[in-house]
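# A structural walkthrough
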Amino acid sequence: MEELIVNGGKRLEGEVFVSGAKNAAVAMIPAAILANDVCVIENLPYIDDVISLADTLNEMGVKCDFLDPHTLRIDSRNLNNFCATYEAVKKIRASYYLLGALLGRYKQAEVAFPGGCNFGTRPIDQHIKGFTALGAEVVVEHGMIKARADKLVGTQIYLDVVSVGATINIMLAAVLAEGTTTIENAAKEPHVVDTANFLNSMGANIKGAGTDVIRIVGVKKLSGTNYMIIPDQIEAGTYMIAGAITRGDVTVHNLIPKHMESVSAKLLEMGVELEEGDDYIRVKAKDRLKAVNIKTLPYPGFPTDLQPQMSALLSIAEGTSIITESVWENRFQYIDELKRLGADIKVEGRVAVIKGVKKLSGAQVSATDLRAGAGLVLAALAAEGKTTINNLQYIDRGYEAIEKKLNAMGAEIIRVKK
Ligand code: UD1
């Protein structure tokens, strides 16, 4: 067990480079098995979720080799298994993508119910609705989701909720189906688009990714590819907020400014100065920032995965902010931890009312999930004195070298074994 010890109150100054997108990576690695061939994915973030997925595929007969920490070669010519057990997938929420990928390749898949972050019920009814519409029979038995089809046939699928996971999973199952599949009310997140581009580079025929109607014309076969993943929107946002919360001067490199629009808009509204280039945003803050209201929404709305980091920032803003979480039903569990640092926050259902305090002060806290963990790291950077953060396994699932990247800009964070 490890923990981070943060000596807070240091102004961050300097540069940080964003890694590849976690949520694209965890979709593309399973997607690679749709080809009976070799795929090489570059610019992968070196994080626990990626390593766990590569291990899972290895156990299934796929040969996954890291050519370097950010490049994975996936050879699925010897894939011999359509079953991913609980042991294999318990750590990763996105293991559900193995369902769509195995179903697409073998017309048969058995995958244990996914693990990952716990912020309320995380249903997969829309994934199942999609697979069923394509002609699969899906049953849940003994904790395993089992899907099977004689053949998959393209059809029109309307998603009742905008779901990233269901949109990508249906694409995975549909690329090798007969005929045309249309996904309506599809998610538009950058990682949905990147996964569609990856599949197209393997020979798929997907159009409309990034809009709310995606059309997939089934092809007979996919082949191997070399593909470079896009930068991580959420990691980029986390470091932009790190600059703001320490009233620092931070340039976040290797991001796509268009993906950051909702975050940039809120930071500007708070009084942060932003300078934007083709692939960077410089974040400067001098004075105390102003309170703002935020409502999380599917892309291009404000991302729910930056909600805890924003709560940390708003907890020291001047005035009262209201955050409405409209994507997940229970994503404020970490607020009690933020309160240990002196934040003044009241939660009622999906709404958090944050009264900005002048200062936070260091304390011992626990990460309750991945992004909550990042929010606590940011709060600790701004807090006076020492904060100890445990449950790092959550943070390590999704952030590559978080303390190294922050320390390079003047933070004082050490990782210690408990
Ligand atoms: C992905 C992200 C996660 C992010 C979320 C929303 C990955 C690996 N994870 O999760 O970090 O917080 O998008 O941006 O990409 N829902 C249903 N039925 C379903 C599926 C979803 O009701 O079958 C609901 C969920 O309960 C939730 C909402 O739809 O309220 C959005 O979920 P979804 O977009 O599917 O999230 P994930 O893909 O699991």
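Residues numbered from 1 in each chain as written. Predicted model: local features only at pLDDT ≥ 70, side-chain atom pairs only at ≥ 80, totals over all residues. Heavy atoms only, no water.

Okay, the domain arrangement of the chain next. Per the domain assignment, the segments making up the chain are domain 1 (2-19 + 231-417) and domain 2 (22-228). Distance between the C-alpha centres of domain 1 and domain 2: 30 Å. Between domain 1 and domain 2, the buried area comes to about 1,900 Å², and carbon and sulfur atoms account for 53% of it. Its largest share of buried area at the contact with domain 2, domain 1 owes to Y299, W328 and R397, together 35% of the area lost on that side. Between the two partners, domain 1 and domain 2, sit one salt bridge. R397 is paired through a salt bridge with D49; the nearest N and O atoms lie 3.0 Å apart. Here domain 1 and domain 2 share six residue pairs in polar contact (both at pLDDT 80 or more) between them. Elements that contribute at least two residues to the side of domain 1 that touches domain 2 include exactly α12 (370-382) and α13 (392-398). (Domains from an automatic or database assignment. Buried area = accessible area lost by both parts, 1.4 Å probe. Salt bridge = Lys/Arg side-chain N within 4 Å of Asp/Glu carboxyl O. Polar contact = N/O pair within 3.5 Å; in protein donor to acceptor, adjacent residues only side chain to side chain. Helix = DSSP H or I, 4+ residues; strand = E, 2+ residues; numbered from the N terminus.)

What follows concerns the environment of I229. Position of I229 among the secondary structure elements: in the loop between β14 (226-228) and α8 (233-245). As for I229 and A25, which are separated by 204 residues in sequence, their C-alpha atoms are 7.2 Å apart.

The next point concerns the pairing of strand β16 (residues 273-276). Pairing between β16 and strand β17 (residues 280-284): four bridges, direction antiparallel. Note on β17: the bridge partner recorded for L274 is V283. (Pairing = 2+ DSSP bridges.)

Read across the sheet, four strands follow the order β2-β15-β17-β16 without closing on themselves; strand pairing throughout is mixed. The strands lining the two open edges of the sheet, one partner per strand, are β2 (13-17) and β16. Between one strand and the next, the sheet's axes are offset by a mean angle of 15°, whatever the strand orientation. The pairing of β2 with strand β15 (residues 249-253) spans five bridges and is parallel. Bridge assignment links G14 to a residue of β15, and that residue is V250. Its contacts with the sheet place α8 against β2, β15 and β17, and it is angled at close to 170° to β15. (Axes fitted to C-alpha atoms, helices over the stretch in contact; angles between N-to-C directions. Contact = heavy atoms within 4.5 Å.)

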